[in-house]
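Coordinates in review
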Amino acid sequence: MAYDKFNILESTAVPLPIENVDTDQIIPARFLKATERKGFGDNLFRDWRYNTDGTPKEDFVLNNQTYSGKILVGGKNFGSGSSREHAAWAIYDCGFRCVVSSFFADIFRNNCLNIGVLPVQVSPEFLERIFKEIETDPESKFEVDLSDQRINIVGSGISEKFEITEYKKENLLNGFDDIDYLLNLESEIKDFASKTPF
Amino acid sequence: MSHTLFDKVWDSHVVKKIENGPDVFFIDRHLVHEVTSPVAFLGLKERSISVLYPERTFATADHNTPTINQHLPVADPLSANQLKALETNSAEHGIPYWGLGHEKNGIVHVIGPEAGITLPGATIVCGDSHTSTHGAFGAIAFGIGTSEVEMVLAAQCIMQPKPKSMRINVNGTLSFGVTPKDVALYIISKLSTSGATGYFVEYAGQVFRDMSMEGRMTVCNLSIEMGARGGMIAPDEKTFSYIQGREYAPKGAAWDIAMEYWKTLQTDTDAVFDQELSFEASDIEPMITYGTNPGMGGGISKGIPMAAHVDGGISTYKKSLAYMDFNEGESMIDKTIDFVFLGSCTNGRIEDFRAFASIVKGRKKAPNVTAWLVPGSHRVEDAIKEEGILDILHEAGFELREPGCSACLAMNDDKIPPGKYAVSTSNRNFEGRQGPGSRTLLASPLVAAAAAVTGKVTDPRGLMQADLA
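Residues numbered from 1 in each chain as written. Chains lettered and ligands numbered in written order. Predicted model: local features only at pLDDT ≥ 70, side-chain atom pairs only at ≥ 80, totals over all residues. Heavy atoms only, no water.

**Some points on the overall build of chain B**
The criterion, for reference: By the criteria applied, helices consist of DSSP H or I runs no shorter than four residues and strands consist of E runs no shorter than two, each listed in order from the N terminus. Between the two quantities, the radius of gyration covers C-alpha atoms and the globule rule is 2.2 Å times the number of residues to the power 0.38. Residue contacts are counted whenever heavy atoms from the two residues lie within 4.5 Å of one another. Computed by Shrake-Rupley with a 1.4 Å probe, the accessible areas treat only the displayed protein chains as cover when residues are assessed. Positive charges come from Lys and Arg, negative ones from Asp and Glu, while His and the chain ends are left out of the count. Think of each charge as sitting on NZ of Lys, CZ of Arg, CG of Asp or CD of Glu.
Of regular secondary structure, chain B possesses 17 helices and 18 strands. The C-alpha radius of gyration of chain B comes to 21 Å, within 12% of the 23 Å expected for a compact globule of 469 residues. Projecting the C-alpha coordinates of chain B onto the three principal axes gives extents of approximately 55 × 55 × 45 Å. Sequence-distant contacts, at least 24 apart, represent 75% of the contacts inside chain B between residues at least 6 apart. In the structure as shown, chain B presents an accessible area of about 15,300 Å², 52% of it carried by carbon and sulfur atoms. Each charge class in chain B was averaged separately, 41 positive and 55 negative side chains, and the resulting centres sit 2 Å apart.

**A closer look at the pairing of strand β8 (residues 157–160) of chain B**
Residues and elements named next belong to chain B. In plain terms, the rule: Here the term buried applies to any residue with accessible area under 20% of the maximum for its type, exposed to any over 50%, and partly exposed to those in between, with areas from a 1.4 Å probe on protein chains only. Note: two strands are recorded as paired if DSSP finds a minimum of 2 bridges between them.
Neither face of β8 is exposed, since Cys 157 and Met 159 on one face and Ile 158 and Gln 160 on the opposite face are all buried. Relative to β8, strand β2 (residues 23–26) runs antiparallel, the two being bridged by four bridges. Looking at the pairing, Val 24 lines up with Met 159 of β8.

**Things to note about the packing of helix α4 (residues 106–115) of chain A against helix α5 (residues 146–155) of chain B**
Pairs of packed helices are described in terms of their axes, by the angle between the two and the distance that separates them. We apply this condition: Angular values range over 0 to 180 degrees, each being the angle between N-to-C directions of two axes fitted as lines to C-alpha atoms, with helices fitted over their stretch in contact. Each angle receives one of four descriptions, namely roughly parallel if under 35 degrees, roughly antiparallel if over 145, roughly perpendicular if within 65 to 115, and oblique otherwise. Side-chain classes are defined by residue name, with Ala, Val, Leu, Ile, Met, Phe, Trp, Tyr, Cys and Pro counting as nonpolar, Asp, Glu, Lys and Arg as charged, and the others, Gly among them, as polar.
At a minimum axis distance of 8 Å, the contact between α4(A) and α5(B) shows a crossing angle of 75°. With respect to each other, α4(A) and α5(B) are oriented roughly perpendicular. For the pair formed by α4(A) and α5(B), the contact residues are Asn110(A), Asn111(A), Asn114(A) and Ile115(A) on the first element and Ser147(B), Glu148(B) and Met151(B) on the second. Taken together, the residues of the contact of α4(A) with α5(B) sort by class into two nonpolar, four polar and one charged.

**Let's talk about α4(A)**
All names here are of chain A. Summarising burial for α4: nine of the 10 residues are buried, a large majority. Buried within α4 we find Asp 106, Ile 107, Phe 108, Asn 110, Asn 111, Cys 112, Leu 113, Asn 114 and Ile 115. At the C-terminal side of α4, Gly 116 shows a positive phi close to 85°.

**Regarding the side chain of Asn43(A)**
All names here are of chain A. For clarity, the threshold we go by: Polar contacts, as counted here, are pairs of nitrogen or oxygen atoms within 3.5 Å of one another; within protein the pair requires one atom able to donate a hydrogen and one able to accept it, and residues that are adjacent in sequence qualify only if both atoms are side-chain atoms.
When you line up the elements, Asn 43 lands in the loop between α1 (23–26) and α2 (46–49). Engagement of the side chain of Asn 43 in a polar contact is seen with the side chain of Arg 46, the distance being 2.9 Å. When neighbours within four sequence positions are excluded, Asn 43 is seen to be in contact with Ile 26, Ile 27, Pro 28, Phe 31 and Arg 49.

**Details of the pattern of salt bridges**
Convention followed: By salt bridge we mean one thing: a side-chain nitrogen of Lys or Arg within 4 Å of a carboxyl oxygen of Asp or Glu.
Here the structure, examined in full by the defined rule, presents 33 salt bridges over all chains. Note that Asp47(A) and Arg30(A) form a salt bridge whose closest N and O atoms lie 2.6 Å from each other. Of this pair, Asp47(A) sits in helix α2 while Arg30(A) sits in the loop between α1 and α2, and the two are 17 residues apart along the sequence. Overall, the relative accessible area of 22% leaves Arg30(A) in the partly exposed class. Taken together, the shared-partner salt bridges connect Asp177(A), Asp180(A), Arg47(B) and Glu150(B) into one network.

**Thoughts on the sheet that holds strand β12 (residues 275–280) of chain B**
All names here are of chain B. Strand order in this open sheet of four strands is β11-β10-β9-β12, and the pairing throughout is parallel. Looking at strand neighbours, the two that pair on one side only are β11 (230–232) and β12, the edges of this open sheet. Across the sheet, the mean angle separating the axes of adjacent strands is 20° when strand polarity is ignored. Here strand β10 (residues 199–204) pairs with β11 via three bridges, running parallel. Counted as the bridge partner of Glu 202 is Met 232 from β11.

**Quick notes on the environment of Glu128(A)**
One can find Glu128(A) in helix α5 (residues 124–136). Separated by 26 residues in the primary sequence, Glu128(A) and Ser102(A) have C-alpha atoms spaced 9.2 Å apart.

**Side note on the interface of chain A and chain B**
Filter applied, for reference: Accessible area, probed at 1.4 Å, shrinks when two parts are joined; the buried area is that loss added up over both.
Taken together, the 53 residues of chain A in the interface contact 73 residues of chain B. Here chain A meets chain B over a buried area of about 5,200 Å², counting both sides, of which 62% is carbon and sulfur. Run the count over chain A and chain B and you get 23 residue pairs in polar contact (both at pLDDT 80 or more). Broken down by secondary-structure element, the contributors of at least two residues to the side of chain A that touches chain B are α1, α2, α3 (86–93), α4, α6 (166–174), α7 (178–183) and α8 (186–194) of chain A.

**Here's the deal with the environment of Lys84(B)**
With respect to the helices, strands and loops of the structure, Lys84(B) is situated in helix α3 (residues 77–93). It is 8.7 Å that separates the C-alpha atoms of Lys84(B) and Glu34(B), two residues lying 50 residues apart in sequence.

**Section: the packing of aromatic side chains**
Under the convention used in this document: Each Phe, Tyr or Trp ring (for Trp, its six-membered ring) is paired with any other whose centre lies within 6.5 Å, and the angle between the two planes then decides the class: stacked below 30 degrees, edge-to-face above 60, tilted in between. A ring is scored as having a charge over it whenever the NZ atom of a lysine or the CZ atom of an arginine sits within 6 Å of its centre and within 35 degrees of its normal.
Under the criterion given, the structure shown has 24 aromatic pairs over all chains. Ring plane angle 65° and centroid distance 5.4 Å describe the contact between Phe78(A) and Phe108(A), whose orientation is recorded as edge-to-face. In this pair, Phe78(A) sits in the loop between β3 (71–74) and α3 while Phe108(A) sits in helix α4, placing the two residues 30 residues apart along the sequence. Using a relative accessible area of 0% as the deciding quantity, one classes Phe78(A) as buried. Here the aromatic rings of Phe137(B) and Tyr242(B) are separated by 5.2 Å at their centres, their planes lie at 65°, and the arrangement is edge-to-face. Placement of the pair is Phe137(B) in the loop between β6 (123–126) and β7 (140–143) and Tyr242(B) in helix α9 (residues 237–243), with a sequence separation of 105 residues. Of the two residues, Phe137(B) and Tyr242(B), neither departs from the other in class, the shared state being buried. Each member of the aromatic cluster is reached from another via a ring pair, and the members are Phe6(B), Trp10(B), Phe25(B), Phe142(B) and Phe200(B). Lying across the ring of Tyr53(B), Arg56(B) places its NZ or CZ 5.5 Å from the centre.

**Notes on the nonpolar core**
As a rule of thumb, soluble globular proteins bury nonpolar side chains together. This is how the line gets drawn: We call a set of buried residues a nonpolar core when its members are Ala, Val, Leu, Ile, Met, Phe, Trp, Tyr or Cys and they connect through side-chain atoms within 4.5 Å of each other.
Formed by 103 residues in total, the largest nonpolar core has its most connected members in Ile168(B), Val170(B), Ile187(B), Tyr203(B), Phe208(B) and Trp262(B). Among the elements that line this core, the one with the most residues is helix α6 (residues 180–191) of chain B, at seven residues. Not counting residues up to four positions away in its chain, the partners in contact with Ile187(B) are Ile168(B), Val170(B), Tyr203(B), Phe208(B), Met226(B) and Phe279(B). Counting 86 residues, the second largest nonpolar core, distinct from the first, contains Val14(A), Ala29(A), Ile91(A) and Leu446(B).

**So, unusual backbone geometry**
Residues and elements named next belong to chain B. Unusually for a residue other than glycine, Ser 48 sits at a positive phi of about 55°. As for its placement among the helices and strands, Ser 48 is situated in the loop between α2 (38–47) and β4 (57–60). A positive phi angle is found at Ala 410, which is not glycine, with a value near 55°. Counting through the fold element by element, Ala 410 comes out in the loop between α15 (389–395) and β17 (421–424).

**What about the sheet that holds strand β5 (residues 97–98) of chain B?**
All names here are of chain B. Strand order in the open sheet formed by five strands is β5-β4-β3-β6-β7, with parallel pairing between adjacent strands. Of all the strands in the sheet, just β5 and β7 have a single pairing partner and so form its edges. Examined bridge by bridge, β6 and β7 share four bridges and lie parallel to one another. Pairing of Thr 123 across the sheet is with Ile 140, part of β7.

Structure (C-alpha cells):
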C-alpha cells in the first residue's frame, strides 16, 4: 500500500509510559470487523480511552488536551501480541507518524514500517528523558530525522541515533513499498518456485 | 560448515539477499482467514493483479464466526460481511475456501496440520501471530501483517530480515500432571513476553522428543508469547507418521523423496546458536497466570510474586494486578472463578479434550461455572463424538460448541463479561482480550478441568491422584 514519504518530523509528543502495551490494547479484536482500511483511529486504545457507555475516560492521555502531536511515546516492549496490522492503522489514523519506545515487538515494528509509520527504538535512558521532558513541558518538541537516523529533543542539544536498515530507510524516504519491489522480481520468483519441493 | 535446523530451512528459501536489508523470502504455503485478509485483497484489486499461486494458498473462516447455530445466517452484519468478503475473494482468485459449515472448517492452525498442509522444511505464513504452531513439524512458520499478506498473495514472498537463533532445551521427563502447555508457560514466565523478541527458537531436549505432535504444536504455538517470531522442533518418526496419508502431504514416490530431505532437517551437532537456554523438566509444575500478559504466570502451588521481586516496571506490575483485582503474595489456589474456556489454536485439539474429559469424568460441573468447550475443527469435534468424550462431557453437565477461535479473542459473541474470571486454555490474558473487562487465567486443559468441576483454582494433581487411588 502506498504511503506518505517520511523525512523529518518535528512535533510535540503524546506519552504513554506503560510497558508491554499489546495490540489488543491498541485496538481490541471486536473492532477488527471492517473490510477496508479506514476508521480504525476511532477505536485506538478503545478500552483505556472510553468507558463502557462510550464516554471518554478523563485520565487517559488521548483525552487530555494538554498532550498532542504526531509522535507516540510508549514504554518497553510496545506492540506485543497479535499480528493485527490494524494496530498500526489505528495509530496512523489518529495522526501519529512515529512511535518511540525502548523496545518493539517484531511484527508490530514491521507493520509500522510497511505503512509509513516510523518506529524509533531508543535506549531506556533516552526514553526516560523523553518522558521527563514531556512531563516538565507538554509543549516540548522532538525532531525525528530519518536521513540522519537521529531523534533530537529540540532546544536541548540532546539527541540519540536510531537503527533502521538502509533498504527500509530508502523505502520510507521515497514512499516506496515492498510490493512494487517484489512485482519487479516476478520472473526470479517464478523460477525459484518451480524448483521448490512442495 | 555446521547449520541449525532453522538455517537449513531459512537459507533454502531465500530468493534474493538485499545488502543491508531484508531477504526476499519464499513462502511455500499461505493460510488466509477472514479478519486480516480483506484489505490485502483490496490492495490486489487496486493494482489489478491476481494471486500468483492460488494453489499454495488456503482460506478458512475462524476468527469471527459464531460457535453455536453455524447452520443459520451469521447475525452480526459486520461479521457476515467479512465472511462474505473472504468467500468472494477466494472464489475470484481460485483459492480453496473452507468456510463455515464446510467439513474441513476450523481454526487455521488446527486444520493446516490436519490436512497435511503443514510439512517439515516448508515455510508457512498467515496473518495471525500463532502461525508459529506449524513449527512443530520442523517448518518455519510465523505470523505476518496485512501488508505482508498482500505481498504473499501478489508475489509468494515477503521481505524479511533473518532473525537470530535461540535454542531452548528442556531436559528430563515431565512430572505427573504437567502438560506441554505448562512447559510453554514456564518458559515464558522465565523469559518474559519480550525475552525472545528478534529470535527464532528451536526447542530441543528429551521433553520435546517425548512429546506428541499435538503437544509440540501447543509449545510452538506459544513461541510468540515470549516475543519470538516462531519456534520449531526437528521432525522425527512421530512427525512423519502424523503426516503420512494426509490430503496435501506428498504421496508415492514424492513421499520417498520428501522423506529423504526431511531426515536431513536436524541441527548439526556443532552448530552454534546466538543464544542457548536450558531448563529442567523436574522444575515444572502445572502453571497458571495471575496477570495481564502470558509471562505473568507461575506454578499453581506458588503465590503471586511481590512487586519488589519482579523484573521491570513496578507501576506496570501493580496496574496489572489491580486489573485482575489480585494482591501481591496471595495464593492462586482456591480463587473463585466464573468461566472456563477450553479451546483455541493452543489447546483445541483432541488430546486437549481427552485431558479435560479425564478429570471431569465421574464429576459434575460446578454450579458457579459457565463452561465454553470449543473444538478446534470439525475433525476434532467428530473425534470427540467418536471416542465417547461427548458422552462424558454431557454426563458431567458440559455442552460442546461448534469450532472456531471463539472466546480466545472474543471477536464473536463468546465474550467473558466485565470483571469475571475465566480459566482459559488459550494463549493471551491481556486486559480485555476475552471481552471488555474480562480477567483471564491461562492454564492447561487439566487445570481448566479441575477449575470447571470445583468452581475455583484447583491443583489438578489432587483430583488425578484421587482417581488413581
